[in-house]
Amino acid sequence: MPAGLRQREELMAQQQKAQPKTTQQKTPPPKTTPPHSVETAQTGGAQTLRRGLAVLRLLTQIGPSGLRMLEITRRLDLNKATVIRLTKTLVEEGFVLHDRQSGRYRLGPEAFAVGLAAEASYELQRLAAPTLRALANESGDTVFFAVLHGYESICLSRDEGDFPIRNQLIKPGDRWLLGVGAGATALLAALSDKEIEDALARTAEIRARRFPRCTDAVIHKLIAETREWGYCVNPGLVLEDSWAVGVAVYDFEGRPVASISIAAIKSRLGASRSAILGNRLMLASRALTELQAREKSA
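Residues numbered from 1 in each chain as written. Predicted model: local features only at pLDDT ≥ 70, side-chain atom pairs only at ≥ 80, totals over all residues. Heavy atoms only, no water.

**Regarding the side chain of threonine 289**
So, step 1. Mapped onto the elements of the fold, threonine 289 is located in helix H10 (residues 271-297).
So, step 2. From its side chain, threonine 289 meets the backbone oxygen of tyrosine 250 in a polar contact 2.8 Å long.
So, step 3. When sequence neighbours within four positions are dropped, the list of residues in contact with threonine 289 reads Tyr250, Asp251 and Phe252. (Helix = DSSP H or I, 4+ residues; strand = E, 2+ residues; numbered from the N terminus. Polar contact = N/O pair within 3.5 Å; in protein donor to acceptor, adjacent residues only side chain to side chain. Contact = heavy atoms within 4.5 Å.)

**Some remarks on helix H3 (residues 69-76)**
So, step 1. Among the residues of H3, those classed as buried are Met69, Ile72 and Thr73. Buried residues along H3 cover an arc of 100 degrees about the axis, so they all sit on one side. Exposed side chains of H3 directed beyond 90 degrees from the buried face belong to Leu70 and Arg74. (Buried < 20%, exposed > 50% of the residue type's maximum accessible area, 1.4 Å probe, protein only. Arc of directions from axis to C-beta.)

**So, the pattern of salt bridges**
Side chains carrying opposite charge are able to pair once their charged atoms draw close together.
So, step 1. Scanning the entire structure with this criterion turns up 18 salt bridges.
So, step 2. Between arginine 133 and aspartate 159 there is a salt bridge, and its shortest N-O distance comes to 3.5 Å. Of the two residues, arginine 133 sits in helix H6 (residues 123-139) while aspartate 159 sits in strand S5 (residues 152-159), which places them 26 residues apart along the sequence.
So, step 3. For arginine 133, a relative accessible area of 32% corresponds to the partly exposed category.
So, step 4. The class of aspartate 159 is buried, set by a relative accessible area of 15%.
So, step 5. Lysine 221 is paired through a salt bridge with glutamate 225; the nearest N and O atoms lie 2.6 Å apart. Of this pair, lysine 221 and glutamate 225 both sit in helix H9 (residues 216-229), 4 residues apart, which is roughly one turn of the helix.
So, step 6. With relative accessibility at 17%, the residue glutamate 225 sits in the buried group. (Salt bridge = Lys/Arg side-chain N within 4 Å of Asp/Glu carboxyl O.)

If you want it as structure tokens, here you go:
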């Protein structure tokens, strides 16, 4: 090896030995939020959302009269501080209006806008409106139209006949568990046996607390009758003197999507008249299914 090259290598080796040794700094791992903290935050957010929606749902059921703060607190079983925070946010966002003079809270313009946006989803109600009005005129009693939503039916409209004693139990916006009420039971009977058992299992606790007469055994009996007759007769299981006849309404693909029911006092719904109204409701249901098919193909 040439002397000059050997000399350079020796010099480089000496320089490397002369350099101080450095220890490599280990980068600490990034701080992470414990999984339980994330879960808690997500759960808390979901809980707040559910409570806010519960306020809106309650005000929907009450209607234009609205409710005072203490009434909202009592009905939702929440502490006052929580309800104050929820209503304040809803008022700021325009979903709730606060009448300072009366102290009452009612639905605001944003809630109305959401309802208008969802209106297209309830085209069936528009199609059914003339039929519902005709049924109320013919029977003289109160006619309800409800849509299937999970394990509940939601009342969308109410048409009243000219009989002086009217059913005040249900109003638009009310939600009823499947199996509670004639229309809701007719919808339940239209589901598969597996879906029925699932629905009854999931609603058992609420039914036992709020509707003790609507037991599994009673509902199964009503389901059997509904499947045999084509319509459901509710013999005052929710309110003793309030009876009703109901049928399921199917879409053009044969899926249960809604119900029509006629409610009256017990003396107006004997076996003979119940059968007449039940058959009339079945005709109305079939007509609505055919109407949906025509609208779909148009």
